[in-house]
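# Fold and contact review
The chain contents come next:
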Amino acid sequence: MAKAGMYVGLDIGTTSIKVVVAEYIDSQMNTIGVGNAKSEGINRGIIVDIDKTVQAIQRAVKQAEEKAGIQIKSVSVGLPANLLEVEPCQGMIAVNNESKEIMDEDVRNVASAAMVRSVPPERQIVALLPQEFTVDGFEGIKDPRGMIGVRLEMFGLVFTGPKTIIHNITKCVEKAGLSVAETVITSLALTESTLSDGEKDFGTIVIDMGGGQTTTAVMHDKQLKFTHVDQEGGEFVTKDISIVLNTSFNNAEALKINYGDAYPSRTSADEDFPVDVIGKTEPVKVDERYLAEIIEARLEQIFRKAKDALDEIEALDLPGGVVLTGGAASLPGVVDLAEDIFGTTVKLHVPNQMGLRNPVFTNVISIVNYSAELSDVYHLAKSAVTGEKVPLSTSPQTSAVSNTPVYDDYEATNDYEEETKPKNEEKVSGKIKDFFSNIFD
């Protein structure tokens, strides 16, 4: 159940940065502010220029503050799945207090015991997710506090990521004048927030098609089992249109939005439109079928790379099929093309929040939802990772915003389309096949 209070999500995407301010009342999310700014200083999901990224974050935050009428102080920020690794962990301790009643400190201690492992110097623990506890041999306990026991065990998952990526994200948020309330693994938040309980349990694939990269995640047995990142996204489609038709990038983006379709058989070769071609004084006529074939070629390549990674772990046999989301997934015909390539059921996820009914906002909404749903046990485990003592009597983000009105002169924009810019191709695949080789049997 979501905790009441105010939560702010920040999604630092390759092509755009989004901020959502939401208030939870009786577990109901009410969006009160949204910000969206073109990304700068980010290449293939990685921050390469801190100062430019800070400025883009500040623009997005400013929009959200203006629309919500509050001042944002802290955010839950999304962490991309680039080079993300997940491993099982287990810890065991003896309950030391005289009454043998399990307290907060015991949960922290058993979480610390579960993290005793060798982590390469270039990586760090991003999150520790407790799955279940065992008290004196009694299994399946979600929250052992208040119980009586002598031996406490914890089973969970440890997520690790590159120190450089994590440091740069944190540095940018802090330089933007904000504090980090939560660092949320975006693919984990996405699978947790967009899938039903049955889809999480029996197994479902979520493919997030952003402007600069495509992330594939597999949820099975209510756990994130696998992630794969392909450094291609919607902007590569735009780049292909620009090159093939010899038109500017901005013109190509407009053609994709206004006339584009990813499934050529749905289009007509008799319907054409004018295209401003570089070097020609008069527009050139191009038919819908030809444009659709250009779009299909790139998206088919993206989907086949994802399919190759999924075939290695036989994930396409999972009954939940594929869920598409992200800005590039909103192009007509994408679902039909994906069904042909993956050979399974494919559906498009669109957020249902008023004013945010566009797959572009799925990630940032998922970050907010995930943060609001985090349990006290999670925060105790997190304190074992960070070394900080977390007071559980209040919501973690009750101080995320200030009620001080924002009256700065600022012209808010309504540009909710993801801006795009071409990037080089690179493929990053999670090192998970060996451990999870039997999970899909």
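Anyway, here's the lowdown on the structure attached to this text. Only a predicted model underlies this, so the values are computations on that prediction, with no experimental measurement involved. (Residues numbered from 1 in each chain as written. Predicted model: local features only at pLDDT ≥ 70, side-chain atom pairs only at ≥ 80, totals over all residues. Heavy atoms only, no water.)

The subject of this paragraph is the pairing of strand 10 (residues 138–141). It is a general feature of regular strands that their side chains alternate between the two faces of the sheet. For strand 9 (residues 123–135) and strand 10, the ladder comprises two bridges, and the chain directions are antiparallel. From the neighbouring strand, V135 faces strand 10, where its bridge partner is F138. What sits between the antiparallel neighbours strand 9 and strand 10 is a turn of two residues, in which D136 has the positive phi angle 50°. (Pairing = 2+ DSSP bridges. Helix = DSSP H or I, 4+ residues; strand = E, 2+ residues; numbered from the N terminus.)

Right, let's get into the packing of aromatic side chains. Using the criterion set out here, one finds three aromatic pairs in the structure. For the ring pair Y259 and F273, a centre distance of 4.2 Å and an interplane angle of 10° mean the geometry is stacked. Here the residue Y259 occupies a position in helix 7 (residues 249–259), and F273 occupies one in strand 16 (residues 272–275), the gap between them amounting to 14 residues. Among the residues examined, Y259 registers a relative accessible area of 35% and is labelled partly exposed. A relative accessible area of 2% places F273 in the buried class. (Phe/Tyr/Trp six-rings, centres within 6.5 Å; stacked < 30°, edge-to-face > 60°. Buried < 20%, exposed > 50% of the residue type's maximum accessible area, 1.4 Å probe, protein only.)

Before going further, it helps to examine the layout of surface pockets. Computed from the structure, the largest pocket encloses a volume of approximately 970 Å³. Considering the residues around the largest pocket, the lining is formed by 29 residues, among which P130, K142, E192, K222 and S375 are closest to the centre. If one sorts the elements of the lining of the largest pocket by residue count, strand 9 sits on top with five residues. The residue makeup of the lining of the largest pocket, split by class, is 12 nonpolar, five polar and 12 charged. (1 Å grid on protein atoms, 1.4 Å probe; cavity = no way out; pocket = protein on both sides within 12 Å on 5 of 7 lines; lining within 4 Å. Points joined across faces, edges and corners; volume = space filled by probe spheres on them. Nonpolar A, V, L, I, M, F, W, Y, C, P; charged D, E, K, R; others polar.)

What follows covers the packing of helix 6 (residues 234–245) against helix 8 (residues 288–312). Orientation of helix 6 relative to helix 8, taken along the N-to-C sense of each, is 135°, at an axis distance of 9 Å. Here helix 6 lies oblique to helix 8, going by the angle between them. For the crossing formed where helix 6 meets helix 8, the hand is right-handed. Here F236, V237, D240, I241, V244 and L245 of helix 6 come into contact with helix 8, specifically with Y290, L291, I294, I295, R298 and L299. Here the contact of helix 6 with helix 8 is composed, by residue class, of 10 nonpolar, no polar and two charged. (Axes fitted to C-alpha atoms, helices over the stretch in contact; angles between N-to-C directions. Parallel < 35°, antiparallel > 145°, perpendicular 65-115°, else oblique. Left-handed = near helix turned anticlockwise from the far one by under 90°. Contact = heavy atoms within 4.5 Å.)

It is worth spelling out helix 7 at this point. Along helix 7, the residues classified as buried are A252, E253, L255 and K256. Projection of helix 7 onto a plane perpendicular to its axis shows the buried side chains occupying an angular sector of 160°, all on one side. Of the exposed residues in helix 7, the ones pointing more than 90 degrees away from its buried face are N250 and N258. (Arc of directions from axis to C-beta.)

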